Each structure stands twice: as structure tokens, then as C-alpha cells.
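# Analysis of the macromolecular model
Take a look at the letters that make up each chain.
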Amino acid sequence: MGATSHRLATGGLIDRSRSLSFDFDGREYIGHPGDTLASALLANGVSLVGRSFKYHRPRGILSAGFEEPNALVELRTGSRREPNSRATVVELYEGLTARSQNRWPSLACDLLAVNSLFAPVLAAGFYYKTFMWPAAFWEKVYEPLIRRAAGLGRAAEGADPDHYEKATAYCDVLVIGAGPAGLAAALAAARTGARVILCESDFQLGGRCLAENVLINDMAGSAWARSVEAELASFPDVQIMPRTTVFGVYDGGTYGAVESVGDNRSEPLPHQPRQRLWRIVARRSVLATGSLERPMVFDNNDRPGIMLAGGVRSYLNRFAVAPGRRAVIFANTDDSARTASELAGAGVSVAAIVDARTTATDAVIRVARTIGCALIPNATVTHARGGRHLRGVEITTADGRRLSLACDLLAMSGGWDPTLHLTAHLGGRPAWDEERGCFTATATPPGMVITGAAGGGFTLAEALKTGALGGLAAAEACGFSGQSPRLTTADEGPAATGQIFSFSSPGRKAFVDFQNDVTLADIRLAAREGFKAVEHLKRYTTLGMGTDQGKSSNVNALAVMAGLAGGPIASLGTTTFRPPFTPVAMGALGGHARGKDFRPTRLTPSHAFAAEQGAVFVEAGAWLRAQYFPQPGEHDWLQSATREARAVRGGVGVCDVSTLGKIDIQGPDAATFLERLYTNSWKNLPVGKARYGLMLREDGFVMDDGTTSRLADEHFLMTTTTANAVGVLQHMEFCHQCLWPELDVQFVSVTEQWAQYSVAGPRARDLLTRLVDAEHDLSNVAFPYMAAREITVCGGVQARLFRISFSGELAYEIAVPARYGDAMVRAIMAVGRDDGIVMYGTEALTIMRVEKGHAAGGELNGQTTVRDLGLGGLMSTKKDYIGRVLAGRPALTDPSRPTLVGFRPVDRSARLRAGAHFLERGAKASPAEDQGYLTSAAFSPVLGHWIGLGLLRRGRERIGDVVRAYDPVRNGDTEVEVCDPVFYDPAGERLRV
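All of the points below concern the structure found in this document. (Residues numbered from 1 in each chain as written. Predicted model: local features only at pLDDT ≥ 70, side-chain atom pairs only at ≥ 80, totals over all residues. Heavy atoms only, no water.)

## What to know about the overall build of the protein chain
Along its length, the protein chain carries 21 helices and 52 strands. For the C-alpha atoms alone, the extent of the protein chain along its principal axes is close to 105 × 70 × 55 Å. In the protein chain, the proportion of contacts linking residues at least 24 apart, taken out of those at least 6 apart, comes to 66%. (Helix = DSSP H or I, 4+ residues; strand = E, 2+ residues; numbered from the N terminus. Contact = heavy atoms within 4.5 Å.)

## Let's talk about the packing of aromatic side chains
Taken as a whole and assessed by the stated rule, the structure comprises 12 aromatic pairs. Seen from their ring centres, Phe531 and Tyr540 are 3.9 Å apart, and the 10 degrees between their planes marks the pair as stacked. Relative accessible area serves as the criterion here: at 28%, Phe531 is assigned to the partly exposed category. One aromatic cluster is present, formed by Phe673, Trp740 and Phe747 through successive ring pairs. Sitting above the plane of the Phe511 ring, Arg59 keeps its charged end 4.9 Å from the centroid. Here Lys551 stacks its cationic end above the ring of Phe581, 4.6 Å away from the centre of that ring. (Phe/Tyr/Trp six-rings, centres within 6.5 Å; stacked < 30°, edge-to-face > 60°. Buried < 20%, exposed > 50% of the residue type's maximum accessible area, 1.4 Å probe, protein only. Lys NZ or Arg CZ within 6 Å of the ring centre and 35° of its normal.)

## A look at the environment of Lys166
Tracing the sequence through the fold places Lys166 in strand S8 (residues 164–176). Residues Lys166 and Gln275, 109 residues apart in the sequence, show an inter-C-alpha distance of 8.8 Å. In this view, Lys166 contacts Leu277, Ala588, Leu589, Gly590 and Gly591; residues no more than four positions away in its chain are not counted.

## Some details on the sheet that holds strand S34 (residues 616–620)
If you trace the 3 strands from one edge of the open sheet to the other, you get S33-S35-S34, paired in mixed fashion. Edge strands, defined here as strands with exactly one partner in the open sheet, are strand S33 (602–603) and S34. Bridge count for S34 against strand S35 (residues 623–628) is 5 bridges, and the pairing is antiparallel. Looking at S35, one finds that Val618 is bridged to Arg625. Relative to S35, helix H20 (residues 842–851) is tilted by about 70 degrees, and along the sheet it contacts S34 and S35. (Pairing = 2+ DSSP bridges. Axes fitted to C-alpha atoms, helices over the stretch in contact; angles between N-to-C directions.)

## Description of the packing of helix H6 (residues 309–317) against helix H7 (residues 335–345)
Contact geometry of H6 with H7 gives a least axis separation of 10 Å together with a crossing angle of 30 degrees. Between H6 and H7, the crossing angle belongs to the class labelled roughly parallel. Note that H6 runs across H7; the crossing there is left-handed. Residues Ala309, Val312, Arg313, Leu316 and Asn317 of H6 lie in contact with H7, whose contacting residues are Asp335, Arg338, Thr339, Glu342 and Leu343. In the contact of H6 with H7, the residues fall into 4 nonpolar, 2 polar and 4 charged. (Parallel < 35°, antiparallel > 145°, perpendicular 65-115°, else oblique. Left-handed = near helix turned anticlockwise from the far one by under 90°. Nonpolar A, V, L, I, M, F, W, Y, C, P; charged D, E, K, R; others polar.)

## Notes on the sheet that holds strand S21 (residues 374–377)
Whenever strands of a sheet pair, they do so through backbone hydrogen bonds, lying parallel or antiparallel. A sheet is described by the order of its strands in space; here 5 strands give the open sequence S18-S25-S19-S20-S21, paired in parallel fashion. At either end of the open sheet lies a strand with only one pairing partner, and these are strand S18 (306–308) and S21. The average undirected angle you get between the axes of adjacent strands in this sheet is 20 degrees. By the bridge criterion, 4 bridges tie strand S20 (residues 349–355) to S21 in an arrangement that is parallel. Residue Val354 lies in a different strand from S21, and its bridge partner there is Ile376. Relative to S18, H6 is tilted by about 85 degrees, and along the sheet it contacts S18 and strand S25 (409–413). Packing of H7 onto the sheet brings it into contact with strand S19 (326–331), S20 and S25, and relative to S19 it is tilted by some 170 degrees.

## Focus: the pairing of strand S15 (residues 275–287)
For a regular strand, the rule is simple: side chains alternate between the two faces of the sheet. Burial analysis of S15 places 10 of its 13 residues in the buried class, the great majority of the element. The sheet contact formed by S8 and S15 spans 12 bridges and is parallel. The residue of S15 that forms the bridge with Ala169 is Ile280. Pairing of strand S14 (residues 254–260) with S15 involves 7 bridges; the strand directions are antiparallel. Bridge pairing links Ala257 to Trp278 in S15. As paired elements, S15 and strand S29 (residues 448–450) share 3 bridges and run parallel to each other. Pairing of Leu287 across the sheet is with Ile450, part of S29.

## Observations regarding the nonpolar core
Within the largest apolar cluster, 50 residues are counted, with the highest numbers of intra-cluster contacts made by Phe22, Phe24, Leu37, Ile61, Leu96, Tyr315 and Leu343. Ranked by residue count, the leading element in this core is helix H1 (residues 37–43), at 6 residues. Within the second largest apolar cluster, 34 residues are counted, among which are Leu767, Leu778, Val793 and Val797. (Core = buried A, V, L, I, M, F, W, Y, C linked by side-chain atoms within 4.5 Å.)

## Some details on a nonpolar patch on the surface
On the surface, Trp104, Leu111 and Leu112 cluster together to form a nonpolar patch covering roughly 320 Å² of accessible area. By relative accessible area, Leu111 is classed as partly exposed at 48%. (Patch = residues over 30% accessible without salt bridge, like charges linked within 9 Å, V, L, I, M, F, W, Y side chains within 5 Å. Areas by Shrake-Rupley, 256 points an atom, 1.4 Å probe, with all protein chains shown as cover. Salt bridge = Lys/Arg side-chain N within 4 Å of Asp/Glu carboxyl O.)

## Let's talk about the pairing of strand S24 (residues 402–406)
Two strands pair when backbone bridges link them, and strand S23 (residues 390–397) and S24 are joined in this way by 5 bridges, in the antiparallel orientation. What sits directly across from Thr396, in S24, is Arg402. Once S23 ends, the chain turns through 4 residues before running back antiparallel as S24, passing Gly400 with a positive phi of about 95 degrees.

## What about the pattern of salt bridges?
Throughout the structure, instances matching the rule amount to 53 salt bridges. For Glu231, the salt bridge is made with Arg191, and the minimal N-O distance between the two is 2.9 Å. With Glu231 in helix H5 (residues 221–234) and Arg191 in the loop between helix H4 (180–190) and strand S9 (196–199), this residue pair connects regions lying 40 residues apart in the sequence. Judged by its relative accessible area of 41%, Arg191 is partly exposed. Taken together, the salt bridges that share partners define one network made up of Arg76, Arg80, Glu82, Asp162, Asp263, Glu267 and Arg274.

## Looking at the environment of Cys655
As for its placement among the helices and strands, Cys655 is situated in strand S36 (residues 653–656). The exposure class of Cys655 is buried, given its relative accessible area of 3%. For Cys655 and Thr574, which are 81 residues apart along the polypeptide, the C-alpha to C-alpha distance reads 59 Å. The residues contacting Cys655, other than those within four sequence positions of it, are Arg625, Gln756, Tyr757, Ser758 and Tyr840.

## Observations regarding the side chain of Arg710
Within the secondary structure, Arg710 sits in strand S39 (residues 702–712). Excluding anything up to four places from it in sequence, Arg710 contacts Ala671, Trp682, Lys683, Leu685, Pro686, Val687, Gly688, Lys689, His715, Phe716 and Ala788.

## Some details on the side chain of Glu634
Within the secondary structure, Glu634 is located in the loop between S35 and helix H15 (637–650). A distance of 2.8 Å separates a polar atom in the side chain of Glu634 from the backbone nitrogen of Gln631. At 2.4 Å, the side chain of Glu634 and the side chain of Arg643 are in polar contact. With near-sequence residues (within four places) excluded, Glu634 lies in contact with Phe629, Gln639, Ser640 and Arg643. (Polar contact = N/O pair within 3.5 Å; in protein donor to acceptor, adjacent residues only side chain to side chain.)

## Let's talk about the environment of Glu200
For Glu200, the position within the fold is in the loop between S9 and strand S10 (215–216). Through-space distance from the C-alpha of Glu200 to that of Pro430 is 23 Å; in sequence the pair is 230 residues apart. The contact partners of Glu200, leaving out residues within four places of it in the chain, are Gly177, Ala178, Gly179, Leu205, Met241, Pro242, Arg243 and Thr244. At a separation of 2.7 Å, a polar atom in the side chain of Glu200 contacts the main-chain amide nitrogen of Ala178. Of note is the side chain of Glu200, whose polar atom sits 2.9 Å from the backbone nitrogen of Asp202.

Right, dumping it as C-alpha cells:
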């Protein structure tokens, strides 16, 4: 064909003043701005665009939208190569490079088409029957063959050079779809003053207004769509988002959407992402996603040149492309009249209208007479002729006559199905509507209104009316008021509600699922072999399991199976709809989370100041924390950490503890929630006090520990260990959503929102008194141990103060909003300069907590129980909590279990190392003799020698005994004395002064 041989001389919504060159399978073509790749290929006379998955049959363009099962291509090259892109929604741009898929060596000559000869052995379920025997063949023959044949396209081999963003938006009304119903809904909501977001997957707003010759308010449909878009753009609280597909509905009015930012060019502009993943939180939503046309099922119905009638009209009216020269129309609705009229108006010869209904309606008869084409009622297309392109069709009439017509285009329509997938993402199940001849939604997600064809209103008048009313209702539910816009349209015929038809002769291929090569014969076989349930049918035949997820095939398949089973379609139901509605790139889901950004390093609020002080940093989970602060003359970390610990014990020090997980918990049932999470009691915790708590996993082992403070009757602040902050929050979410949804409680992580510093040492109170505003009394009586209150510092800055000690000294943790974090640590150091204040890091913190016998990461290893840690007194016997029952299993209460005790070397000059295993003196070094292991070790400046904490079998009973700490990895074998785990101030007097 010549260049743009099928482009109409006039019409369409393309920009004819500019030309765009693009490449398909190594050949250059010309299109225009406003084209899709599919419309540009059709304009250039290219109808063969791919090969089918299983049989490698020639395939052409079936539709003009996201439901396209055939026209899947690879876009771009190199590391930007993207397989399985639907040519029908790919916006044409200068330099676009596309390649057909699933063929070898070329699209025109695909040697793998030989698979069609093996169709009898490649029927439904052949993989279940073929690859089971002989077993030895699986690894050496079957799996390699399957892996080579699997997939339709090729993934890029290099790293993706583009980046992806994530963003969140909030609105009163989210309108999904910008066809006539969506535009009417957005307009009605916007005029009330509501915040509106309008999402449309296409790069132009208008939907079917762009594809049909319709009049709205005496304007052409496309002109009306542009006028509404202009008005919407004038509202300050309306956000129009083209190229944005809403792919999922989630709890709490949350919607997932993907915006194609840079997909309409060969590479994104500088500083722009390729795609942006949106989390949209809406108070109300309006679903205006339209409907999908059903194909007809007959022999060879997959030949290039066979298209959906609605797609044909889209190419004619929007893209000014005639998909063929001589057409036959096959339909069971009055859509055939519109298609015939518009084809004839574009200069395409219409050979015949084949109406599958018993009698044709007046509208169809009138159009056939006007354009002078044959009308064949009560007849069916039973076979399509042609190989790489359609050459003609065979028609069978009700009285058995067989006709043959030459054509290169068959426009078929089997009726329309509402695009209601998003209504089912939260568990809704559509039901069959016999009157409309389609599935309709029976339930919607909370706050969603369905309008237009998505709700079964297939006429333009219904779309405009229900859209306007739905948008107004959504806005009014948010507290706004207004009037529905007045929208008029030209007279229309009845809605297209055709029933399903399939016509096939034995031994021939009639395709139901084009992408997976599922035929009528496959469905019949599934029925014979007992796979009649809809989910079984899907998996046995692979029906609807491709990138289109059966959007053009599922309903036809259900109708066929219902007929074979002898029952109504309603008795089968549908398969489960799950997000995403259309394919979403892994890059968009991951966003920036790759490379180092897969787990970004978090910096504490004092990081810059600590770096100025010469801190040595260490990775602590996702955080970079100051490990120690070396001074001149100090040769290793131990010297620095020892100095810092001594300074804290003798004066005052400050440590950034912002990395501790912080979870804000509020609500009337907050205390009850904590009672069920923690082993100890919380309802009796007074306001203004903190308490140490332990929570267990379901299996009875310790999950995490920390302090929780009661700031008000219904307001608690929980702290967790740094390592388990995310896991604890996930655990809480599970418990609330799945176990106790009736509890009125809300919680959120505020770890990053607060900078928190531990100020510890005998002079800590004196220092804080100079920082905390004068109206707050910090005396021991007014602010005792474990007090927790909201205060102000430095002349009115909101803060929180907790009298909590991890070091065993008089200590406080002071928290300020994160934006004040750097200023706070500088103020602390400035005020404490005369007191000899030091900054101390994680090493000094470890020294002091081991001296006090506090369990931490080494002891909270997921294998210890509350009793193992010597904290059995925290296990309430008066209430239930997570893990209580399983914590009482005999294996977990066995007195011979390893328990936490302290250790000091018999030779005080010896060094202890965590990880050493305990053996009896004289015992052989073997796993059978293992008595436990050293979980933590530190040099104690107070005692002047190394000490450690460890888990020893029957440890509490063996205090005073001597065992060996055996460390074969580091050549250690040291005798150690078993002692109480609290080495320093066992009565706890220093932290209460």
C-alpha cells in the first residue's frame, strides 16, 4: 500500500499540519499528532500487526481501546524496550519505534505457525496432560521448552534508565472516565465548588464523543467535550488528569492510578518521570468508564480485517482512517445502522449488513436502503476467508442458503458490556441483567456512584443525564449544593442490548479469547471434562489470563458455557475482578525504590551536627546513626565509647534516639487495643505516665518491647525498637483490620515527625531546667520517674518530655517536631557546655544498657519468651492478649530453657565477644553439649572489665557457676562466671533521684 493509503481526505481530530515519522518492524511510516500507533498503521494500510500466542496465527487490530487483545507490540529499543504495549492506546510521537512480537523469523513469514497443525494436541488443558509423564522429561525437556516458548514479548535486558514517581492527591469528588457521562459528572460537581479530580486514560477527553457523530447542546460531540474541558480548567479546585488510568479501588476511599508522563515521547523530558503512580483519596467517586463491545464468535473470526464495529467508527471519525475498502457488517444490535451509515459517508463500500436477529428493525432497514447495500436478516456470518488479511465471508441464512461476499473489512458487534471492573475490587460481584443482555453491578465500593454505560445506560442521553445527576449527588454528599447542568442531545435509537451469538462448524477454529487462542472447541472440551465452574474454566483453558484479562472474551465464554451446561448465564457468575484494571509497570509500582533508593538511608535530625563533631556513623536498620565521637588521642572505638559512657555516668550526655519507632494511637478504644497487644495492663495507666511493655507474636514468642505513654484519656504514644518499627505497625494494622475491626481506634507512625533526644546523667535535670519553659516543674516530686507530658521549650516551642532511662542514670527523653531537631541538639549542647556535656553514640549506649541488664536486639531475636528474659511478671493473668495461649505451651515453659543471665570473665582481663557458646568446663565442643550463647558483650568502665548478657540453660538456677564461653570462629575459649544480669545499680536508685 502507498503512504497513508487509507487516510481520509478530510475529517478526524488529528493535526494534519504536522507529520510524525515512526518505525514498525524496520520500515518507516508517517502519521500525525492525535494518532495512536494503531490508527497510524491502519492509515498506512498495515493490517497484520502480530501473531497469536499459541498457534501463531496472523492477527490484526480488533478494537480502538484498552481492551485490545491482538495488537501487542514492543516499543522502543535497548534498555527502554517495553513489551506487550497495546498499539490502540499508544500515542504516536516523532521517532516512535515499534516491533511486532511472537514471530520468527518475521511477521509475514512466521515458521512457528506450524503450531496450527498440532492444534488437536494443543487443546485446552494439554499442559496438564502432556507434561506429567515421563517424570524425568520435566527438567531436561519440558521445562526448557516451556521457558523458551513462554511470554509474548521480550523484557529489556539493561537497567531501566528512566525514573518513576509516587504522589498523593485529595479531593471531594473523583470522576473516573472523561466520556460524555464523566464530563457531565465533573461539570456538575465542579459548579458546586467541590474539589474535583477527573481522570481519563486517553490523551484526549471525550470518550465516545470523539468516535461518534453526535450532537450535544447543538454542538458536535468533540466540540462539546472541548468546551467542557475549558470550563473545568477555569475552576481553581478542579484537576484534569489525562493519560491517567485508575487501576484499583482500595479501602477508605483510596484509588490507585498511573499517569503516563513521558510515554508520549521517545524518552522523558529532563527532570520528568516516565510514569507517576497516584494515590488518590476521595470522599466520593463517580464511575464513568463506559462499556466494552463484544465480538461475534464464528469460524476464523480472528483474521486481520475483522474488527469491532465501535472501533471502526473510532478510526473513521476520530482518526480519519478507513480500515478497509469494502465492508460487511455483522451485528445483533442497531449499532449496525450507525456503522453502515458512517462507513458509506467515508466512501467505504458497504457490501451487506448481516443482522443476526430474526427481523431487522426499521432503523437498519432505512440505512440499508439509503446507502444501497444488501440487508440479510436472520442470518449469520459463519466463516471468514483469508490468511494474512480478510478476503471475504461466508453467510448462512435461516433457510440454509449459503452466500459468499468479498470484503476486506468485517465490522462486528455482539452488544456492549459495562466496564464495571472497579466496582468489584472490594468484593462486589456483578450479576447478569437479562433485559440489558449484560452484567451489571449489584454493589459498589463505599461512596461510589455509577453513571452512563458503566451502569447500563447505553444511550448518549442516558449517559449525560446520569452523569450530571451522579456528579451532583457526589458533591452534595460532601456538603456542596448546586444544580444539574442542562444537556441536550439529538434523538437516538434504542440502546444496543444484543444477546450473545456464536456460530461454528466442527473442525474449524472459532476464537473466544483472541490473545490466548481459546476456541469454542476448548470450552466444549472443558465442559465435557467437568470444568464448568467459571474459575475452573478460566484456569483450564487459560481464558482471560492475558494482558487484556478477558475484557473482550469473558462474557462470550460464559454464554457458551451456560448453553453447554443447560442453564442461564446468571447461574455461572463471573471470575473475580482484582486490581490492576489494566497492566501497570513494575517501575511505577516501585517508584524510586531501586538501587540504593530501594531502602533509602535515613538520617537522624542531629546528623549534620553529629558530623560536625566528627562522629563515626553506622547503619542501624534503615538509619545512619552516630556510633561514637572520637577525640584526639583516642586510637579505637572502645576508647571513645568508654569515655562517653564515663561522662554520662559522671555528668551528662545527649544521644539522638529519634530512630525509635513512634506510633500515635488515639480513640475511645485505644486502651483496650493496647491491652490486647501487650502482655501487661494499660487501662490503669494514669494520664501523664509511661509504662514499659512487651508484645508477643501469635506463637507466644516476644515480638518487641518499648515504652508507651498516656498523653490524654484517649491518646497514647507507643515507642518500639528501631529494627521492629515497621513490623509492629504492620502487626497492629492486621490486628485492627482482621481481628478487632469493631474497636474505635486509629493509629499512625510518627517516627519521622518527631526528633527525640535522650539527656542522661546526674546533671540531666539541671540542664533541662535551663531549656524547658519556666512554667513546667521538673522537680523529682512534680515530674517523677516514668512521667510523660506535653511541655514547651525555648520560649514556646511545643515539645514532649518523658522521664525514661535506658542507661540506668537520671535521664529524660525530650521530643520536638522534626523541623526543630537540629536546633534542639545545638541548644542542648550549648546549655550543657559548662556541665561538660558529651554526645554519645550507640556504642556507649550499648555499654550502659548491658551494665543495666536491659534486653535489646541480641536478646529480642524472635526466639525468646517473656520468661526467658526474666520478665514473667509482666504477663497478666487477668486478661487475654496476642500470644497468651501459645506462650503457655510446655516447650515454652520448660524450666530447662535458656534464660537471660549475666556473665563476667573469671580472668578479669579476658575479653568477651557476643556469639560465643556456653559449655560446661571439660565438655567436648559439640552441638550436643551446647548450653546457650552470649547475646551481648561490652567493656564496663564502672567495673573495669568485660561483661556480657546471654541465654544459658537453667540460667537463673546457676548463678555463681562457672562455664566456658567457647568461640571457635575467633579462637576464644574463656571461663566465665554466671551472675545477675544487672551489673550496675541493681536497686535502681540513681534513675529515681
